[in-house]
Every structure is written in C-alpha cells, then in structure tokens.
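Understanding the architecture of this molecule
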Amino acid sequence: MYAEVALPLPLDKTFHYSVPENLNAIVKRGIRVNVPFGNKKLIGYVVSLLKESNISKIKDISSVVDTESVLTDEMFYLAEWIAKNYICSLGEAFAVIMSPALSSSKRNLKSIEENIKEKLLPVKVSHKLSDSQKSAVTEIVKSINKKEFNTFLLHGITSSGKTEVYLSAIEEIIKQQRSAIFLLPEISLTPHFIRLIQDRFPQQLGVWHSGLSKSEKYRTWENAKKGRIKIILGPRSAIFAPFGNLGLIIMDEEHEPTYKQEQKPTYHARDVALERARANNAVLILGSATPSLETYLEAKNKKYRLLELKERIGSGILPPVEIVDSKNQYKRSKILSEPLIEALNKTLARREQAIIFLNRRGFAPGVMCQNCAQVLKCPNCSISLVYHYDAEKLKCHYCNYSSVFPKKCPSCNSSEIYVFGVGTQKVEQELKKFYPQGKIIRLDRDTAAKKGVYQKVYEDFKKENFDILLGTQMIAKGFDFPRVTLVGVIDADTSLYFPDFRSAERTFQLLTQVAGRSGRSYLGGEVIIQTRHPQHYALQNAKNHDFISFYEKEIEYRKEMYYPPFSRLANIIIRSKNELRLIEFAEKFAAELKRFNDKTNLFSILGPTPASRTKLHGMFRWQILLKGEKSAIIQAILETKKIQVPSGILVTADIDPYDIL
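Residues numbered from 1 in each chain as written. Predicted model: local features only at pLDDT ≥ 70, side-chain atom pairs only at ≥ 80, totals over all residues. Heavy atoms only, no water.

1. Some points on the overall build of the protein chain
In terms of helices and strands, the protein chain carries 17 helices and 27 strands. Relative to the 2.2 N^0.38 estimate, which gives 26 Å for 661 residues, the radius of gyration of the protein chain is 26 Å and therefore close to what a compact globule would have. With respect to the three principal axes, the spread of C-alpha positions in the protein chain is 80 × 65 × 50 Å. Within the protein chain, buried positions represent 56% of all 661 residues. Pairs at least 24 residues apart make up 75% of the contacts formed inside the protein chain by residues separated by at least 6 positions. By element, 49% of the accessible surface of the protein chain is carried by carbon and sulfur atoms, the whole surface being about 29400 Å². Measuring between centres, the 96 positive side-chain charges of the protein chain sit 3 Å from its 72 negative side-chain charges. (Helix = DSSP H or I, 4+ residues; strand = E, 2+ residues; numbered from the N terminus. Rg over C-alpha atoms; globule rule 2.2 N^0.38 Å. Buried < 20%, exposed > 50% of the residue type's maximum accessible area, 1.4 Å probe, protein only. Contact = heavy atoms within 4.5 Å. Areas by Shrake-Rupley, 256 points an atom, 1.4 Å probe, with all protein chains shown as cover. Lys, Arg positive; Asp, Glu negative; His and termini not counted. Charge placed at Lys NZ, Arg CZ, Asp CG, Glu CD.)

Structural data, given as structure tokens:
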C-alpha cells in the first residue's frame, strides 16, 4: 500500500510513500506521518491511500504522529480553499490548520483555562439586555434556530454592550448542543474574556493561542474534537478549532489588522471565518465600534446584515474630545500640552484614573549626530535604531539587533550625539517628573514580554493600585475601567501619514478605540488628543465619535483611487542579499507580469520599486503591487511560477495585504 502525502513545503505537488506492513492498519486519510525528505525528516499529511504507484525508489513512511484521522472532510476542503486563495501548497495549508507542533503528551496537566480562572476574581454577569441588544440578539437567534448561514455586522459604539450580545448568542448555541468559536485580535485580551465566559458557561471553554505549551494545545484541541468543550476562545489561529458541529463564529474588533497572517499562507481570519460559517450553515458575527471599510460596505450592500448599538450601557456617555494643536501648546513640558497637564491635575485630585496613549515604544525613536546629521540605523535593516533608556541600548524593532549607545558618531567621530522623538519610556519619565506622588505603570511590548504581565497590570489597575496607565495600542481596546475619566493621546500623528492607503482609517480606528476607554461609568470622562494636524478629517471625525462621516469621506477616496474595497491587491516582495541581482530579477519578474496582463488588462502593475522598508533582516527588498480583479491577479502570480528564480532570491506574494510597507 502507498500513501499520497502533502508536505509543508512551497511545492505544488504531493509525494508518494510506501506504507510499512506494521503500519497498514493505522495509516489512513487525514493522519499525520513522519517521512524522510532528502536529508530531512518532515511531518506530512496523508491525502489518500493508493494500491500502486508509478514512482520508482519510493521511501517508507518512518512513523505515524496520529493513530486516528485528525483532519476532517471540512479541513480538507478548507486547506484546498486556502491553497487556492492564498497561493500556497496543500501541505502549507494543512500546516496552518493543524500545526506540526501539535502533538499528544502523557503529561497530566491541568487545563490552561482552569489555571487562569483560579487566578481571577469571580465576576457577576448581568443578563439584562437593553432594547437595542434585545433586537440584535433576536435577529441572530432567528438565524441560529434556522441553522442557516448568515453574516451579521454588529456595529456598536464603545461600551454599548456588544459582549453581552455575543454571550447571548453563545447561550443559544449551547442549548442546541452546537459549538462556537470566539476570536479576539490579541492574546492579551483573553484573560478578561475567559473570566466572562467561564462565569456564564462553566466547563465549556477552551483557550487557544501561541503562548500555550504543546501539551496544553493538544488538550484543548482534543477536547474540542471530542465535543467535551463547546467554546474556543483565542486569536486568529483559533478559527481552525476542530469542532464537528460548529454553529457560531464571533469575531470581536473585526477591523484589527492582527487578524491577517503575515507569514505564508497569508490568510485573513475573517475570510476563513466566512468560509467555515458557510460550510457549516453557521452564523458569523463581526463586531466593532469602527468596522473596516470592506466590512461596512458589504453591510451597506446587504451582503451582511447590519445590527447597530448606538448608546452606551447604563449611565455611561461618550466622552467629549478636545483636539490640541501641538505646535503652540507646550510651556512647562515638551511632551505634555498645557490642557493635558491641567486635566491630569484635576483627575488625580479627584482620585480618579487616567490612560495615556502613545503608539511608539522605547525612549526615543531616533538617534542623530548633530555634527554630520547622520541618523543611526540598524546594520541589518533600513530602519532607525530606537534608544531604550532602561537598558541604555539602541535596538531595532524588526530584527532585535541591539548595541550600546555610541560615545562617538561612526561616520565623523563627533561626540555630539543626541536622541530625538518621543517613545513610551520618555513619556513615563516626564509623567514621573510632573507627578512624583502618582502611581504610574507602563504597558508596552517591552514591559509585557513576560507571561502573565498583561493580566497582572489589568488586575492592578482595576483594583486602583495605579493612577495612570501608559501604553501603546495594547491598551487601546478591551480595557473596561469605571474610574478612568481621562484619556490622553500624546501624538495622534504616528500613523496618520504612513505611505499606506489605510493610514487614515487606522488612525481613526485607533483614536476612537482609545477614546472609548474614558467615561464608561456615571463619573463621565474626557479625551485630549495632541496633534500637529488638527483639521485632518480622521481626527475631526474621531473627535465627534462619527464613524459614518469618516466612512463616507474615506470610501470616496478609495473609489477615486481604485483601492480596496473597490479592487483587490497583491503585494509581491522580492528579497536578496545581493541588491544588483535583486533589481535585475525584479524587473524581469515585472516584465513577465506585464506580458500576462497585456492579454487581459484586468489589473494594474505598480513597480518594481524599492519597498518602504528597503532592507530587513539583512536582505534588500523590492516590491510589485498588483491592483485589480482577484482571480486575474492570482492567475498572473501562478503564471510567474514558471520563471526560474535564481538562488539567493526569495519571492513571496501577499494576497489582500494589510501592510504594504
């Protein structure tokens, strides 16, 4: 007997292996096997069994990873769909659905969700719904009861009670003995939701994310497959939970770019969720206070059903927002404007709490020689090195290169070196100078590197052990602190003028989300945003909490420029350590694309051109952006696979990219 095996390699073919007699009874379609490939041992996925093969010198399967099929018919369908839509091999698609690292263990571990629950305080959940929540739940439950595929956009302002709508929908699914997947944009948000879900649905929850050990992952995966649990909670990879009776998928903060996988296959969890919901006649709920333009347009076009929550729950009202022109508002500080200092003084005097937001970590984002104007850059990446005050080091935030702070300029030998710009460490230092008695805590990727830090910060701030929480985008969503009455944004411009067509949308979403942390109780609240571009429509609409006006302005720009959602994109990145060979091949590659497009003219070709980040991890980068019809773009990229790629050059294609830098 022979097995047709898909391997997690960028090769558009499967491979034949002989099944040893002692494995005849075990090897079947859908199991994983260990196989030799060249000088390596790989985990492969059995696609089918064959009685004969026309391949000579067939190698034996070494051993089996599973004793029963782990890939269902639905997973086979999903792998084929991913391979087709994101231009990868079947084996690469299987590897993202069922990670090769996922294996059983004899260690008798307590489940991860039990461990976390023991550390968390019990929470009382209110089941009382507002009229708008009732209306939303009624519509969703109708589709659940009919067992029909439907997609809902739950557009609710911050603190409008979207979570309670999610939980009510899950309640209906549990009654029907069906299963639900609950997606979050980041691992850091899981502790808060674990608490809510465990309280409502004891012993029904499994948690899934990259921070778990192999044993913990396997336990959760096995419990889901066997139907011992009915809910899986986690970030984008949780969409592949092996439920056989899936009835509901929830995607909270659906607009977040973290739902897009950056490594191959570059899938978007929203698209996979749509496909899984369709295949299972399940309901998909996309929730956000600031939906992506793509999603909102689908709702406007009636492809998704729009449900709206326009008021905050309880006594909370949307906080007034003041935009401060940072060109002329600094007197006592170069970082904190006068209005922000005064607002902080009043907030702390009332013994209330404040959140200060800056989406840039480190102490200062640049180091320059005053004599020759040389900006110190990473030797591996074309990126400025960031100064980190605590470690007294310069760090690259892309490849993790670090060096000591130089005493002299490497170019002109001058000792006149200074740092410029502002990062969270510098803001922390400034806050401590102004408020020496205030209890300040910083939360960014540097401080939250250790496991459990995010959860501890959340608990401590909730218990009012700190007065001011300072952080990056990880504090912009998910937090619900009743005593936060002030949110300050240090610099609203960090993402506003990125060379990316989504920069205004991302800025509006981020500001709206972080502003939503204020005024979530009877205490009320306020928001102060510092910017050098106070009249920009993204900021003005964020000030007015006005998504509709922002959408109408931005969608016109997208239509005029023929950007998504009116077209589809593919970003082809070509990388090499040899810049001259890279440029030569990039031009050849673009010429081949043009030759193909001349036949159809269904897309446009932008480039080849150096990428905005021209060098990363020691490799030069050029890019070609394709804009037009998705099917034509995919066909064109498949055609280019006929091109012989020289050694030392790597070509990757990101379909529907969220980052074109």
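That covers the picture; the talk isn't over yet.
2. Concerning the state of the cysteines
Taken as a whole, this structure holds zero disulfides when the rule is applied. Looking at the unpaired Cys-378, the closest cysteine sulfur is the one in Cys-399, lying at 3.6 Å. (Disulfide = S-S within 2.5 Å.)

3. Comments concerning the pattern of salt bridges
Throughout the structure, instances matching the rule amount to 44 salt bridges. Residues Glu-68 and Lys-226 are paired through a salt bridge, measuring 3.3 Å at the closest nitrogen-oxygen approach. With Glu-68 in the loop between β5 (63–64) and α1 (73–85) and Lys-226 in the loop between α7 (214–225) and β9 (231–234), this residue pair connects regions lying 158 residues apart in the sequence. Overall, Glu-68 belongs to the partly exposed group, its relative accessible area being 38%. In this structure, a network of salt bridges that share partners links the residues Glu-68, Glu-222, Lys-225 and Lys-226. (Salt bridge = Lys/Arg side-chain N within 4 Å of Asp/Glu carboxyl O.)

4. Digging into the sheet that holds strand β18 (residues 402–404)
Read across the sheet, three strands follow the order β16-β17-β18 without closing on themselves; strand pairing throughout is antiparallel. Looking at the sheet topology across the chains shown, the edges are occupied by β16 (386–388) and β18. On average, each strand axis in the sheet is inclined to that of its neighbour by 30 degrees, with strand direction left out of account. For strand β17 (residues 393–395) and β18, the ladder comprises three bridges, and the chain directions are antiparallel. (Pairing = 2+ DSSP bridges. Axes fitted to C-alpha atoms, helices over the stretch in contact; angles between N-to-C directions.)

5. Details of the sheet that holds strand β1 (residues 2–6)
Read from one edge to the other, the open sheet built from five strands follows the order β2-β1-β4-β3-β5, with strand pairing classed as antiparallel. One side of each edge strand has no neighbouring strand; the edge strands of this open sheet are β2 (15–18) and β5. Sheet contacts for helix α2 (residues 90–97): β1 and β4 (40–50); angle to β4, the most-contacted strand, approximately 105 degrees.

6. So, α2
Along α2, seven of the eight residues are buried, which leaves the element largely enclosed by surrounding structure. All of the buried residues along α2 are Gly-91, Glu-92, Ala-93, Phe-94, Ala-95, Val-96 and Ile-97. Packed against the buried residues of α2 are β1, β4 and α1.

7. Here we look at the pairing of β1
Among the five residues of β1, four are classified as buried, and the element is accordingly described as predominantly covered. By the bridge criterion, five bridges tie β1 to β4 in an arrangement that is antiparallel. Its bridge partner being in β4, Glu-4 is matched across the sheet by Ser-48. Examined bridge by bridge, β1 and β2 share four bridges and lie antiparallel to one another. For Val-5, the partnering residue across the bridge sits in β2 and is Phe-15.

8. Here's the deal with the side chain of Asp-493
Relative to the elements of secondary structure, Asp-493 occurs in the loop between β22 (484–489) and α13 (503–515). Take Asp-493: its relative accessible area is 8%, and that puts it in the buried class. A polar side-chain atom of Asp-493 sits 2.6 Å from a polar atom in the side chain of Thr-531. With residues near it in sequence (within four places) discarded, Asp-493 still touches Thr-531, Arg-532 and His-533. (Polar contact = N/O pair within 3.5 Å; in protein donor to acceptor, adjacent residues only side chain to side chain.)

9. Looking at the confidence of the model for the protein chain
Confidence along the protein chain averages 90 in pLDDT terms, with 96% of residues attaining 70 or more. Ranking the elements of the protein chain by mean pLDDT puts helix α3 (residues 112–119) last with 43 and strand β11 (residues 283–288) first with 98. Segment residues 105–124: pLDDT under 50, and 35 contacts once partners within four positions in sequence are set aside and those in other chains are kept. (pLDDT = per-residue confidence, 0-100.)

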